[in-house]
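Close look at the chain arrangement
Below are the chains, spelled out letter by letter.
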Protein chains: 2
Amino acid sequence: MSLFESLFGKKSSTAHVARDRLKLVLAHERASNALPYMEQMKEEIMEVIKKYTQVKDIHISSRNNQNIDVLEMEIILK
Amino acid sequence: MSLFESLFGKKSSTAHVARDRLKLVLAHERASNALPYMEQMKEEIMEVIKKYTQVKDIHISSRNNQNIDVLEMEIILK
């Protein structure tokens, strides 16, 4: 699976309608404990995106796998 | 290939040494032309990351596939 497919999902066999959207993935691989500033940094990155885009809808998910934390944001643009 | 592997590469068979690093992927799927504010938004996101982290090394790459632009930043933390 390519990175593109990982990001936006496999295209279905029916016609794929392109739409303006952003996907932000922020992954943090840590050797030690979680960094205390991480949450605040994520908030500020979100603020930058909101400032520059007209957000129609937003989906946020986070998950972790061993020592990797991943934050995913999908932003549907107006 | 999982998203984790897409982000950080497959682990080698030898011991993988965890280190503090961030990976930021910003993908933009566009129905129309590239948005004029995109470059400036990327710059500002970078500024936020630099503000919160002590960057030891940084690798930036960008690529595109049809109507998807992808910016990848790998940040090795001190």
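Everything below is about the structure shown above.
Residues numbered from 1 in each chain as written. Chains lettered and ligands numbered in written order. Predicted model: local features only at pLDDT ≥ 70, side-chain atom pairs only at ≥ 80, totals over all residues. Heavy atoms only, no water.

1. Considerations on the overall build of chain A
To be explicit about the condition: By definition, any uninterrupted DSSP run of H or I lasting at least four residues is a helix, any uninterrupted run of E lasting at least two residues is a strand, and each is numbered from the N terminus. Here's how the labels work: a residue is buried when its accessible area is under 20% of the maximum for its type, exposed when over 50%, partly exposed in between, all with a 1.4 Å probe on protein chains only.
In terms of regular secondary structure, chain A is built from 2 helices and 3 strands. Ordered by position from N to C terminus, the α and β elements of chain A give α-β-α-β-β. Within the span of chain A, comprising 78 residues, buried residues form 46% of the whole.

2. Remarks on the interface of chain B and chain A
Stated precisely, the cut-off is as follows: Residue contacts follow a heavy-atom distance rule, with two residues in contact if any of their heavy atoms lie within 4.5 Å. The salt bridge definition used is simple: a Lys or Arg side-chain nitrogen within 4 Å of an Asp or Glu carboxyl oxygen. A pair of strands is considered paired only if DSSP assigns at least 2 bridges between the two.
Contacts between the two partners involve 44 residues from chain B, matched on the other side by 44 residues from chain A. Summed over the shared surface of chain B and chain A, the result is 4 salt bridges. Salt-bridge contacts for B:Lys51 lead to A:Glu44; the nearest nitrogen and oxygen are separated by 2.9 Å. Among the secondary structure elements, those contributing two or more residues to the side of chain B that touches chain A are helix 1 (3-8), strand 1 (21-29), helix 2 (38-52), strand 2 (55-65) and strand 3 (68-77) of chain B. Inspection of the sheet shows strand 1 (residues 21-29) of chain A paired to strand 1 of chain B by 9 bridges, in the antiparallel sense. Residue pairing in the sheet places A:Leu22 in a bridge with B:His28 of strand 1 of chain B.

3. Here's the deal with the pattern of salt bridges
One pass over the full model with this rule turns up 14 salt bridges over all chains. A:Arg21 is the partner of B:Glu29 in a salt bridge, and the nearest nitrogen-oxygen pair spans 2.6 Å. Of this pair, B:Glu29 sits in strand 1 while A:Arg21 sits in strand 1, on two different chains. Taking the relative accessible area as the measure of exposure, B:Glu29 reaches 1% and is therefore buried. By relative accessible area, which is 6% here, A:Arg21 ends up buried. When the shortest N-O distance is used, the salt bridge between B:Glu74 and B:Arg21 registers 2.8 Å. Taken together, the positions of B:Glu74 in strand 3 and B:Arg21 in strand 1 put the pair 53 residues apart, joining distant regions of the chain.

4. Here's the deal with the relation of the copies chain B and chain A
Rule in force here: The least-squares superposition of copies is restricted to C-alpha atoms, and to residues with a pLDDT of at least 70 in both copies.
Placing chain B over chain A gives an RMSD of 0.0 Å and needs a rotation angle of 180°, together with 0.0 Å of translation along the axis. Put plainly, the chains are arranged around a two-fold axis. A symmetric contact is evident, with 100% of the interface residues of chain B recurring at the interface of chain A.

5. Details of the nonpolar core
Test applied: By nonpolar core we mean a set of buried residues, namely Ala, Val, Leu, Ile, Met, Phe, Trp, Tyr and Cys, connected to one another through side-chain atoms within 4.5 Å.
Counting 28 residues, the largest nonpolar core has A:Met41, A:Ile45, B:Met41 and B:Ile45 as its most contacted members. Mapped onto this core, the elements with two or more residues apiece are strand 1, helix 2 (38-52) and strand 3 (68-77) of chain A together with strand 1, helix 2 and strand 3 of chain B. Not counting chain neighbours up to four residues away, the residues in contact with A:Met41 comprise A:Leu26, B:Leu22, B:Val48, B:Ile49, B:Tyr52 and B:Thr53. Ranked by size, the runner-up nonpolar core spans 12 residues in total, among them A:Val70, B:Leu7, B:Ala27 and B:Val70.

6. Some points on the packing of helix 2 of chain A against helix 2 of chain B
Condition: All axes here are fitted lines through C-alpha atoms, helices being fitted over the stretch that makes contact, and every angle between N-to-C directions spans 0 to 180 degrees. In what follows, roughly perpendicular refers to angles from 65 to 115 degrees, roughly parallel to angles under 35, roughly antiparallel to angles over 145, and oblique to any angle outside these ranges. By definition, any crossing whose near helix is turned counterclockwise from its far helix by less than a right angle is left-handed, and any crossing with a clockwise turn is right-handed. Each residue gets one label: Ala, Val, Leu, Ile, Met, Phe, Trp, Tyr, Cys and Pro are nonpolar, Asp, Glu, Lys and Arg are charged, and the others, such as Gly, are polar.
Look at helix 2 of chain A against helix 2 of chain B: their axes get within 10 Å of each other, and the N-to-C directions meet at 165°. It follows that helix 2 of chain A is roughly antiparallel to helix 2 of chain B by the angle criterion. Where helix 2 of chain A crosses over helix 2 of chain B, the handedness of that crossing is right-handed. Seen from helix 2 of chain A, the contacting residues are A:Gln40, A:Met41, A:Glu44, A:Ile45, A:Val48, A:Ile49, A:Lys51 and A:Tyr52; seen from helix 2 of chain B, they are B:Gln40, B:Met41, B:Glu44, B:Ile45, B:Val48, B:Ile49, B:Lys51 and B:Tyr52. For the contact of helix 2 of chain A with helix 2 of chain B, the class distribution of residues is 10 nonpolar, 2 polar and 4 charged.

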